Amino acid sequence: MNRIPLAVPHMSGKEMAYIEQAFAENWIAPVGPNVDLFEKKVRDYTKAAFATATNSGTAAIHLALRLLGVTQGDTVFCPSFTFAASANPIQYQGAEAIFIDSELDTWNMSPIALERALEDAKQQGKLPKAIIVVHIYGQPAKMTEILALAKSFQVAVIEDAAESLGSLYEGVQTGTIGDIGIYSFNGNKIITTSGGGMLVSANEAWTKEAKFLSEQAKETAPYYQHEKIGYNYRLSNVSAGIGCGQMEVLQERVNQKREIFAQYEAGFAKYADTFSNFPRITYQNEIAGTFSNRWLSTIRVDGIHPLQLKEALDASGIEGRLLWKPLHLQPVFRNHRFFAEDANSKISNAQRLFESGLCLPSATQMTPTEQHYVIQAIAKFLIQAGESM
Ligand SMILES: *Cc1c(COP(=O)(O)O)cnc(C)c1O
């Protein structure tokens, strides 16, 4: 059996037609019909009013911060339990990322920690310019609570929906709930353009400004005229062709990802029923009113260090990966402030997640036989671990 990967690109077979068209028409540039069509397809799917395609999700976050006027000396709130790309653009702007703990239902930004951080900021007379909310591994965050806080403190919300394209919060696509949303189409995401991203908003002026800034901020003039610092952040027309083909199978991929998760859950439940000391497995809670794309299937296991499980899987030819290491524990962010959900607890929820969980193979090409093999390998390890506990 081949090594079973965590997540790999899964082409639909429709991509090459768009790419061949781009070659036939010589649209080999960060502009062209595939870029326009890809934006339209994402707008149609997500019901976002306006969209600007970028060459990465990170670039889209950076543009979102620029649109909100984040600059030197500002602060921006961001979850600690996320990928570094959620926070890095804050630092690009010379602003300061302040990290917020997770809650243990969805593993996303804790409204309790957020409220404390906002109260503290207000007292210091310096509210953040923006709150970045992440829907980690595809599971929507507690948006009602977070948006209510953002509204009462009058702070803009950026949704980092890099991992959650296709996920819903009360029937609404993640990415379209806050003031600005971003998606990623990196190689490991639910659909890919090899590398790419998108900024969406109901505010047309913002998406136009994002397009302008992403194309080097060229003013309208018969020569190169610049009044602002721009970026080379636009998506290539060739890459957008991949995205057009991928959009045709997005809903199928969401269904497949959810089926993979359901199989894990059912598989582990069987073992738990059979073996009395089978360690307790818990999952990201798909709380009422949410629908997760289950981009990556993840588990938490009581009493077992995930590194041991990861190594056992490695030896069986299975790729597992630890959950995100909290950003406030990363050397590069060591001097940044962090607001825990429980200020009196020695260990934050974000750290607790990191030290207890694992991402499981979630590639949509994985066969039922392969997934059964993964479930068995994990169960074998856990049964042994349970016996020695
Ligand atoms: C992948 C990812 C990003 C960055 O997207 P790129 O397209 O790789 O730049 C940002 N935030 C999160 C949560 C991600 O998973």
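Residues numbered from 1 in each chain as written. Predicted model: local features only at pLDDT ≥ 70, side-chain atom pairs only at ≥ 80, totals over all residues. Heavy atoms only, no water.

- An unreviewed UniProt entry lists the protein chain under the name Pyridoxal phosphate-dependent aminotransferase, with Listeria booriae as the source organism.
- The heading Sequence similarities (unreviewed entry) in the UniProt record of the protein chain holds the text "Belongs to the DegT/DnrJ/EryC1 family." (UniProt positions renumbered as here; feature names shortened; annotations may be inferred.)

1. Some remarks on the site of the ligand
Right, so step 1: Taken together, 15 residues form the shell around the ligand, and within it Thr58, Glu163, Ser184, Asn186 and Lys189 come nearest.
Right, so step 2: Take aspartate 160: an N or O atom from its side chain is 2.8 Å from a nitrogen atom of the ligand.
Right, so step 3: Separating an oxygen atom of the ligand from a side-chain N or O atom of asparagine 186 is a distance of 2.7 Å.
Right, so step 4: Classifying every residue of the shell around the ligand gives four nonpolar, eight polar and three charged. (Near = heavy atom within 4 Å. Polar contact = N/O pair within 3.5 Å; in protein donor to acceptor, adjacent residues only side chain to side chain. Nonpolar A, V, L, I, M, F, W, Y, C, P; charged D, E, K, R; others polar.)

2. Quick look at the sheet that holds strand β1 (residues 50-54)
Right, so step 1: The strand order across the open sheet formed by eight strands is β1-β9-β8-β5-β4-β2-β3-β14, and the pairing between neighbours is mixed. The open sheet has two free edges, formed respectively by β1 and β14 (338-339), since each of these has just one partner strand.
Right, so step 2: Looking at chain direction, strand β3 (residues 96-100) and β14 are connected through two bridges and run parallel. Within the sheet, the bridge partner assigned to isoleucine 100 lies in β14 and is phenylalanine 339.
Right, so step 3: Sheet contacts for helix α2 (residues 33-46): β1, β8 (180-184) and β9 (197-201); angle to β1, the most-contacted strand, approximately 130 degrees.
Right, so step 4: Packing against the sheet, helix α7 (residues 204-214) makes contact with β1, β8 and β9, and its axis sits at approximately 20 degrees to β1. (Pairing = 2+ DSSP bridges. Helix = DSSP H or I, 4+ residues; strand = E, 2+ residues; numbered from the N terminus. Contact = heavy atoms within 4.5 Å. Axes fitted to C-alpha atoms, helices over the stretch in contact; angles between N-to-C directions.)

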